[in-house]
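Notes for the structure review
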Amino acid sequence: MTDLINALLHAVAYALVGGAMLVAAYYVLDLATPGHLGTHLRGVDENGNESVHAHSRGAGVVTSAWLLSNAAVLFTAIWTNGETSLGWALVWTVCFGALGIALNTAMFFAVEAITPGNLRQIVTEPGPVRPLAHVAAAVALSVGAIVCASIA
């Protein structure tokens, strides 16, 4: 019974730390994009009213890939360090989580630098997903996979 309670407490600790890291990842993407990311995702028009015509599908694709990428890094850090002490496993989780966020941010700006147009503006435009948003999403997932491989 002690093992079960211990495992449950570890799960809670990992969930809280992982959740906080994902919230941080979301806010970093919010800072990297113009306006308020939540407004682009919800679809709020210039009058502050929600509208299906004002939401950005591109922002949804990039945000989803960004969060999945960072969640994969957190998962891998927890999975590979779960046998160590809880404290060290949480340290690894936070360190690699922060690295994943930093590398995703750097690559987001790198994609913007090497492609024509303003990636941040294109990603948040209302309407259908533009191809450049798919590229940004793929890069985010790729960065996550690379960081996961470095942990494992």
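Notes on the structure follow. (Residues numbered from 1 in each chain as written. Predicted model: local features only at pLDDT ≥ 70, side-chain atom pairs only at ≥ 80, totals over all residues. Heavy atoms only, no water.)

With respect to the packing of helix α3 (residues 57-81) against helix α6 (residues 131-151)
For any two helices packed against each other, the geometry is given by the interaxial angle and the distance between the axes. Interhelical geometry of α3 versus α6 gives an angle of 5° and a closest axis separation of 8 Å. Taken as axis vectors, α3 and α6 run roughly parallel relative to one another. The residues of α6 that touch α3, namely those facing G58, V61, V62, A65, W66, L68, S69, A72, V73, T76, A77 and T80, are A133, H134, A136, A137, A140, L141, V143, G144, V147, C148 and I151. Its residues assigned to classes, the contact of α3 with α6 comprises 17 nonpolar, six polar and no charged. (Axes fitted to C-alpha atoms, helices over the stretch in contact; angles between N-to-C directions. Helix = DSSP H or I, 4+ residues; strand = E, 2+ residues; numbered from the N terminus. Parallel < 35°, antiparallel > 145°, perpendicular 65-115°, else oblique. Contact = heavy atoms within 4.5 Å. Nonpolar A, V, L, I, M, F, W, Y, C, P; charged D, E, K, R; others polar.)

Quick word on the environment of S85
Tracing the backbone through its elements, the reader meets S85 in the loop between α3 and α4 (86-114). Judged by relative accessible area, S85 falls into the partly exposed class, the value being 38%. Between the C-alpha atoms of S85 and H10, which are 75 residues apart in sequence, the distance is 10.0 Å. (Buried < 20%, exposed > 50% of the residue type's maximum accessible area, 1.4 Å probe, protein only.)

A word on the packing of aromatic side chains
Aromatic ring pairs are defined here through the distance separating the ring centres and the angle between the ring planes. On inspection of all chains with the given rule, the structure shows five aromatic pairs. Where F75 meets W79, the ring centres are 5.5 Å apart and the plane angle is 20°; that geometry is what we call stacked. Of the two residues, F75 and W79 are both situated in helix α3; the distance of four residues between them amounts to about one turn of the helix. Taking relative accessible area as the criterion, W79 reaches 66% and is therefore assigned exposed. When the ring of W92 is compared with that of F96, the centres are 5.5 Å apart and the planes differ by 25°; the resulting orientation is stacked. With W92 and F96 both in helix α4, this residue pair falls four residues apart, about one helical turn. Given the relative accessible area of 18%, F96 is considered buried. Here the aromatic cluster, defined as three or more aromatic residues joined through ring pairs, consists of W66, F108 and F109. (Phe/Tyr/Trp six-rings, centres within 6.5 Å; stacked < 30°, edge-to-face > 60°.)

Some words on the nonpolar core
Ranked by internal contacts, the top residues of the largest apolar core, which has 27 residues, are V62, F108 and L119. Within the residue set of this core, elements represented by two or more residues are α1 (2-32), α3, α4, α5 (119-124) and α6. Sorting elements by how many residues they give to this core places α6 first, with eight residues. Filtering out sequence-adjacent residues up to four positions away, V62 remains in contact with L29, F108, V123, A133, A136 and A137. (Core = buried A, V, L, I, M, F, W, Y, C linked by side-chain atoms within 4.5 Å.)

Digging into α6
With 21 residues, α6 should reach 30 Å at 1.5 Å per residue; the first-to-last C-alpha distance of 31 Å fits that figure. For α6, the set of buried residues is L132, A133, A136, A137, V139, A140, V143, G144, V147, C148 and I151. Of the surrounding secondary structure, the elements contacted by the buried residues of α6 are α3, α4 and α5. (Expected span 1.5 Å × (residues − 1).)

Keep in mind these numbers describe shape, not what the thing actually does.
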